[in-house]
Amino acid sequence: MGRFAIRKLQVSLVAGAVAAVLVMQTTPAAAQQPAAGAMMKPAAGMMMIERSKILTQPGVFGVFTMFKLRPDWDKVPVAMRKGAAAEVTKLIEKHKNNVLVDIYLTRGLKSQYDYFLRVHAYDLAKAQTFMREFRSTAIGKNSDVAETQVGLTKALNYITKDKSQGLNAGLSSASYTGPAPRYVVSVPIKKDAAWWNMSAEERLALMEEHTAPTLAYLVNVKRKLYHSTGIDDIDFITYFETDDLAAFNNLMISLASVKENKHHLRWGSPTTLGTIGTPENVIKALSE
Amino acid sequence: MGRFAIRKLQVSLVAGAVAAVLVMQTTPAAAQQPAAGAMMKPAAGMMMIERSKILTQPGVFGVFTMFKLRPDWDKVPVAMRKGAAAEVTKLIEKHKNNVLVDIYLTRGLKSQYDYFLRVHAYDLAKAQTFMREFRSTAIGKNSDVAETQVGLTKALNYITKDKSQGLNAGLSSASYTGPAPRYVVSVPIKKDAAWWNMSAEERLALMEEHTAPTLAYLVNVKRKLYHSTGIDDIDFITYFETDDLAAFNNLMISLASVKENKHHLRWGSPTTLGTIGTPENVIKALSE
Amino acid sequence: MGRFAIRKLQVSLVAGAVAAVLVMQTTPAAAQQPAAGAMMKPAAGMMMIERSKILTQPGVFGVFTMFKLRPDWDKVPVAMRKGAAAEVTKLIEKHKNNVLVDIYLTRGLKSQYDYFLRVHAYDLAKAQTFMREFRSTAIGKNSDVAETQVGLTKALNYITKDKSQGLNAGLSSASYTGPAPRYVVSVPIKKDAAWWNMSAEERLALMEEHTAPTLAYLVNVKRKLYHSTGIDDIDFITYFETDDLAAFNNLMISLASVKENKHHLRWGSPTTLGTIGTPENVIKALSE
Amino acid sequence: MGRFAIRKLQVSLVAGAVAAVLVMQTTPAAAQQPAAGAMMKPAAGMMMIERSKILTQPGVFGVFTMFKLRPDWDKVPVAMRKGAAAEVTKLIEKHKNNVLVDIYLTRGLKSQYDYFLRVHAYDLAKAQTFMREFRSTAIGKNSDVAETQVGLTKALNYITKDKSQGLNAGLSSASYTGPAPRYVVSVPIKKDAAWWNMSAEERLALMEEHTAPTLAYLVNVKRKLYHSTGIDDIDFITYFETDDLAAFNNLMISLASVKENKHHLRWGSPTTLGTIGTPENVIKALSE
Amino acid sequence: MGRFAIRKLQVSLVAGAVAAVLVMQTTPAAAQQPAAGAMMKPAAGMMMIERSKILTQPGVFGVFTMFKLRPDWDKVPVAMRKGAAAEVTKLIEKHKNNVLVDIYLTRGLKSQYDYFLRVHAYDLAKAQTFMREFRSTAIGKNSDVAETQVGLTKALNYITKDKSQGLNAGLSSASYTGPAPRYVVSVPIKKDAAWWNMSAEERLALMEEHTAPTLAYLVNVKRKLYHSTGIDDIDFITYFETDDLAAFNNLMISLASVKENKHHLRWGSPTTLGTIGTPENVIKALSE
């Protein structure tokens, strides 16, 4: 089924009719910073982190850290648990010139972790400092780190205007039109040696086959890519937001059905499925 | 032996003589909701979850969560342990407009978990909310999550009236005639890239070979399928109920003996074997 | 060396000169039930479990459960530890109309578990009930389950009188003549898809090659087979008793040296090596 | 992209124009020993460990040990935690005639460990003694060892003046010109049997293909190699320091893109990413 | 390099010039039993275990058990910890007619365990009894078993006088001339089905290729072999003692470079590297 979709889409691409942006600014309602407060801070020459910029620029580090609450968390006095969300909010405020912090709720959907942080920074050391301080908060102290993934954003390197004009136009002329995404999916990827040993042309051809079926999903699935080769045991982190998991399931079947999939040493494992909320609300949900 | 069975069945299929429903409404005595109570609730515009519908419709999420009791559970005061079943029953009642909850007993049959929940919901976020609240119950607090699998029901996509008339007729003209199933088996499946890269026709041919030997077991094994590609690290969750484990063993040998089996990256691991009971009875059995 | 042995044995098989029973009644002195007590029970229509029958019949479930004592066991008061063996003996007596229970000592020979139970039952749910109650005993409460394997006995399906007359005669005309076995070895097996996709004839040929070298060991190694496809993540549990581990090592090298071995996805992992004793003595050895 | 870089570099190599030192003395500001104190010690015939020598000589053992703080560390009284850095510094001073100790901070960037030690010694037993005593310090007692890797430095054995003159010249005529590295990356490697079964000539050819793209990174990535075959379950530990992780990511993509990569049974897993500091500062950061 | 060494050695073997003993009596100073005390015991018909015999005879069981100290060990009162070494020494004395016990220190060199026991016995059940009692000592109670490997010694079966005269002569005419070994390395091995399915002649040829490069290391590496097929999940335990780890690293590279290495399903994992001492000193080092 995915294969049929591909063929149809390739036709429309040749015709230049598909238009969409694949890598888009992710601005879930949940994580919008109050613009006013943001304007006041950067007094002493500090560069304010702007959500809309840091989420679209290349050269930005992303640190994904999955946490599991220890059973002891249930035994922490209610008052301290209730203060957990405010403490985290305050910490995020303290570091807002250094990092952008998103927190997602996975409890109930994943076995190995209950929530995860996605931290963006221009300087990785600053993300590390934030993460270290997070682990000294009440909830951080009562959580085990189950998984950490580190990646780096880069400019598109396959489906560019020069190399693949039709698909590139497709990527830039459609955009997400669904309701505010409630779900997040994060999928780490490792390619095999045969993949990396291909010529650039061979890989481009496979990436074109990969990209074609994804265009139809630009309207209901947002996507972002991080590069990790050498700085982590994976090559990529692919990050998705959607409100339509059935569509997302079909998108992923499409991606399973192309030749590139034969070069995945790891695709997921873990696939992380969670729900999107403000950091405050996510921590509150875990502190009840 | 399985192979001989296949050949015979394929003949009768051609003759159109086999008739059975493979994917059927699962209504274990253990989990029937009182129809009257169900009728009274949906006052304020709420849609009541109807067992017979949600278990047969496409577009329904299924969350399977396997739990292991911590040793501390034995040290919880008897009174609190004794109240565990009632607390869970009450929580299920509270969420009955959002989720359908089944609980199965695996203690004694599996090493990594003692019981598991199968939660159905039209909205995955509601299943997550239920699961989060379950983990705040007395038994939930004393359990570790060993495994979570998330899937989605869909309409049949291979053995349809159009694509495979004979087998489709076979699937819809026989039904379960055994005693009320006492056993549940859940088997997660991940297919390889070669499988997904086949043409739709090639996969249909393999699914026909797969389906033929299963027809003979429609009378003593019930089956249900969930799709998970991209929303979990598996492609499918196959769920079975039976009272005849020897027949089930033969069914699974038949499925091991077809070419599709060469495309399983994961088939089980874990295979979950448990017994069926009401949520109340399962929790009671764990609270003695 | 194993290969030479095979060739020689195949010759004698053709001549019909080899005679032995491979699957035999296992009656270690350690586990004999007092016949008198057994005669008195089945008053109210209950079927007494007879060791000699249940260990040789098809259609019997076998549950193997490996346990590891938690460090806390050392801190349990001596008096309670000393009562552990009597408590287990009493529980076995309570369930004697439902299950046959053997317990083996692995502490000192295996890293992941200290002892294991082999429970036989005509009805799997009854084995589960026993296992659940065992886990509420003093020693059960202080043990973690490291591994559970479930299987089912069946009639011989390859080396039958019809299909393989010479080898079948070999299997039935020799028997164990060594001293009472002191050692138990249990080996779970999973075959690959290529194995199950072979024709019955191809598999028979490989099973004949497999069986031939085992005949020489009928005199010093006892063996029993359980089928697990679909009810567990393995296809078979092979169970051995011997007093001669050097002979057993040679037997297993013979089995490694035949083509069937190329179809093992799993052969052991874990191989369980333990010593045989009465349940009482095994529990006592762990309670000192 | 990496492939294009390779081709260009190979050309310049043939022309003999590339000049750089690949294996260089690593002297992060963080770890420099006061030269004066070093001069005073070797009174009683003891050989002082000189950082600049031990980091460049062959025949030196390197022990990498990754530690994870236990949750209990948070409950250790503040006073004791505050003394941890001084205690470690004192221990390093005590052993300074036997071992060279570096400590790196991974907390916030890795899930399985919070910091790691790299200990160099001419005599492995002395590194072991230091490590044993470290584990009796306050922080050592509250840490679990997550990973240990042992290796040995050797003279270059592929890209030597004799075997590969052009590349050897390239390696020795460029040097690190970036800012003091803030990041450390450690990558264990295991090669497959096919690699070791190649002729020396075949491996040399592949190592030349491997080395060529690395020359361009001599200016911003430092590198050191340890050999581990037989003394650990890996063949090599590759150790890197850099201040430019984007460049490092490109270097590693280049290395993924050569044929040698087809012979990696293990490349990373774990890849360790951390930040460089003095032992005192790293321990302090973990003791706040 | 290893390959060149192999060729040279094969030449000298043909010439019959190489002479050495590969499997030799291991008598580290650390583990010698006082001969006098040994003479006094065997009064009541008991057979005294003689180190020099039991380490060279076939038909002897070897049990390797790796232990990790639990964090609680640090909290055991100093007096009890100080008594640990004497308690173990006394236990060894008690069992000296049944088992030979060596203890090695791995703390600081391995992550998963701190020390390991190698126990030899003619009767495996006696080794089990010793191990069980060891686990009731103060240090045993505070240790977790991380790994157990069981093997059996046998006469040489490939490089015999009959089958491979030149190499056999090589093995028996050189001997260890280095300083008393300070290091121990233990490497479990599992061969693949293709290996066991070879003819005896094919395996002999590969074992000759394997043996040739090892002859040069008879002077600085001692070796001992245990067979484990069927009694454990490995086929062999190879045990080495050396004082020259650089030579050992070269030996292992030689063994990686022969065709036999293509048949290793497992070679190490874990490779255990430790230091040699008397049981008393090893336990003391862990009790400080």
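Our subject is the structure that appears above.
Described below are features of the structure shown in this document. What you see is a predicted model, and the numbers here were worked out from it, not measured in a lab.

About the thresholds
Residues numbered from 1 in each chain as written. Chains lettered and ligands numbered in written order. Predicted model: local features only at pLDDT ≥ 70, side-chain atom pairs only at ≥ 80, totals over all residues. Heavy atoms only, no water. Helix = DSSP H or I, 4+ residues; strand = E, 2+ residues; numbered from the N terminus. Buried < 20%, exposed > 50% of the residue type's maximum accessible area, 1.4 Å probe, protein only. Contact = heavy atoms within 4.5 Å. Areas by Shrake-Rupley, 256 points an atom, 1.4 Å probe, with all protein chains shown as cover. Salt bridge = Lys/Arg side-chain N within 4 Å of Asp/Glu carboxyl O. Least-squares fit on C-alpha atoms with pLDDT ≥ 70 in both. Buried area = accessible area lost by both parts, 1.4 Å probe. Nonpolar A, V, L, I, M, F, W, Y, C, P; charged D, E, K, R; others polar. Phe/Tyr/Trp six-rings, centres within 6.5 Å; stacked < 30°, edge-to-face > 60°. Arc of directions from axis to C-beta. Axes fitted to C-alpha atoms, helices over the stretch in contact; angles between N-to-C directions. Parallel < 35°, antiparallel > 145°, perpendicular 65-115°, else oblique. Left-handed = near helix turned anticlockwise from the far one by under 90°. Polar contact = N/O pair within 3.5 Å; in protein donor to acceptor, adjacent residues only side chain to side chain.

A closer look at the overall build of chain A
Stage number 1. Of regular secondary structure, chain A possesses 12 helices and nine strands.
Stage number 2. In chain A, buried positions account for 62% of the 288 residues.
Stage number 3. Expressed as a percentage of contacts within chain A between residues at least 6 apart in sequence, the contacts between residues at least 24 apart total 81%.
Stage number 4. As presented, chain A carries roughly 10,800 Å² of accessible surface, and 58% of it is formed by carbon and sulfur atoms.

Some points on the pattern of salt bridges
Stage number 1. Per the stated rule, a full pass over the model turns up 85 salt bridges over all chains.
Stage number 2. For A:Asp232, the salt bridge goes to D:Lys110, with nearest N and O atoms at 3.9 Å. Taken together, the residues A:Asp232 in the loop between strand 6 (221-227) and strand 7 (236-242) and D:Lys110 in the loop between strand 2 (100-105) and strand 3 (115-121) connect one chain to another.
Stage number 3. For A:Glu280, the salt bridge identified is with A:Lys284, shortest N-O distance 3.5 Å. Residue A:Glu280 and its partner A:Lys284 are located together in helix 12 (residues 279-287), separated by four residues, close to a single helical turn.

Let's talk about the relation of the copies chain D and chain E
Stage number 1. For these two chains of identical sequence, chain D goes onto chain E by a turn of 72° and a shift of 0.0 Å along the axis, with RMSD 0.0 Å. A rotation of that kind, with that shift, is consistent with a five-fold axis.

As for unusual backbone geometry
Stage number 1. The amide bond that connects C:Ser269 to the next residue, C:Pro270, takes the cis arrangement and shows omega of 10°.
Stage number 2. Positionally, C:Pro270 belongs in the loop between strand 8 (264-267) and strand 9 (272-276).
Stage number 3. A positive phi angle, close to 55°, is found at D:Ser269, a residue other than glycine.
Stage number 4. For D:Ser269, the position within the fold is in the loop between strand 8 (264-267) and strand 9 (272-276).
Stage number 5. The partly exposed category is assigned to D:Ser269, whose relative accessible area is 47%.

Let's talk about the interface of chain D and chain E
Stage number 1. Tallying the contact residues gives 35 residues for chain D and 41 residues for chain E.
Stage number 2. The contact between chain D and chain E buries some 3,100 Å² in all, and 52% of this surface belongs to carbon and sulfur atoms.
Stage number 3. Scanning the region where chain D abuts chain E turns up four salt bridges.
Stage number 4. The partner of D:Arg135 in a salt bridge is E:Asp114, with the nearest N and O atoms 3.4 Å apart.
Stage number 5. Those elements that provide at least two residues to the side of chain D that touches chain E are strand 1 (61-69), helix 6 (124-134), strand 4 (143-152), helix 9 (193-197) and helix 10 (200-211) of chain D.
Stage number 6. Looking at the side of chain D that touches chain E, the element that brings in the most residues is strand 4 of chain D, giving seven residues.
Stage number 7. Tallied by class, residues from the side of chain D that touches chain E come to 15 nonpolar, seven polar and 13 charged.

Comments concerning the packing of aromatic side chains
Residue and element names in this part refer to chain A.
Stage number 1. Scanning the model with the defined rule gives 55 aromatic pairs over all chains in all.
Stage number 2. Measuring from ring centre to ring centre gives 5.2 Å for Phe67 and Phe134, while their planes differ by 55°; the resulting arrangement is tilted. With a gap of 67 residues between them, Phe67 in strand 1 (residues 61-69) and Phe134 in helix 6 (residues 124-134) connect regions that are remote in the sequence. Per residue, the accessibility class of Phe67 equals that of Phe134, and both read buried.
Stage number 3. Three or more aromatic residues link up through ring pairs in this structure, and these residues are Phe64, Tyr104, Phe116, Tyr226 and Tyr239.

Structural notes on the interface of chain A and chain B
Stage number 1. With 41 residues of chain A at the contact, the number on the chain B side is 35 residues.
Stage number 2. Of the roughly 3,100 Å² buried at the junction of chain A and chain B (both faces included), carbon and sulfur atoms supply 51%.
Stage number 3. Broken down residue by residue, the surface that chain A buries against chain B is led by A:Arg107, A:Leu109 and A:Asn249, which jointly contribute 18%.
Stage number 4. Counting across the interface, chain A meets chain B through four salt bridges.

Regarding helix 5 (residues 84-94) of chain B
All names here are of chain B.
Stage number 1. Within helix 5, the full set of buried residues consists of Ala84, Ala85, Val88, Leu91 and Ile92. Axial view of helix 5: buried residues confined to an arc of 125°, hence all on one face. In helix 5, the exposed positions that point more than 90 degrees away from the buried face belong to Lys90 and Lys94.
Stage number 2. Along its buried surface, helix 5 packs onto helix 4 (78-82), strand 2 (100-105), helix 6 (124-134), helix 7 (138-141) and helix 12 (279-287).

What about the packing of helix 5 (residues 84-94) of chain A against helix 6 of chain A?
All names here are of chain A.
Stage number 1. Here helix 5 crosses helix 6 at 160°, and the two axes come no closer than 11 Å. It follows that helix 5 is roughly antiparallel to helix 6 by the angle criterion. Two packed elements cross with a definite hand, and for helix 5 against helix 6 that hand is right-handed. Across the interface between the two elements, Val88, Leu91, Ile92 and Lys94 from helix 5 touch Phe130, Glu133 and Phe134 from helix 6.
Stage number 2. Of the residues assigned to the contact of helix 5 with helix 6, the class counts are five nonpolar, no polar and two charged.

Examining the side chain of E:Thr272
All names here are of chain E.
Stage number 1. In this fold, Thr272 is placed in strand 9 (residues 272-276).
Stage number 2. Classification of Thr272 as buried rests on a relative accessible area of 0%.
Stage number 3. Of the polar contacts made by the side chain of Thr272, one reaches the side chain of Tyr113; its length is 2.6 Å.
Stage number 4. Not counting residues up to four positions away in its chain, the partners in contact with Thr272 are Met66, Thr106, Lys110, Tyr113, Phe116, Val184, Val185 and Ser186.

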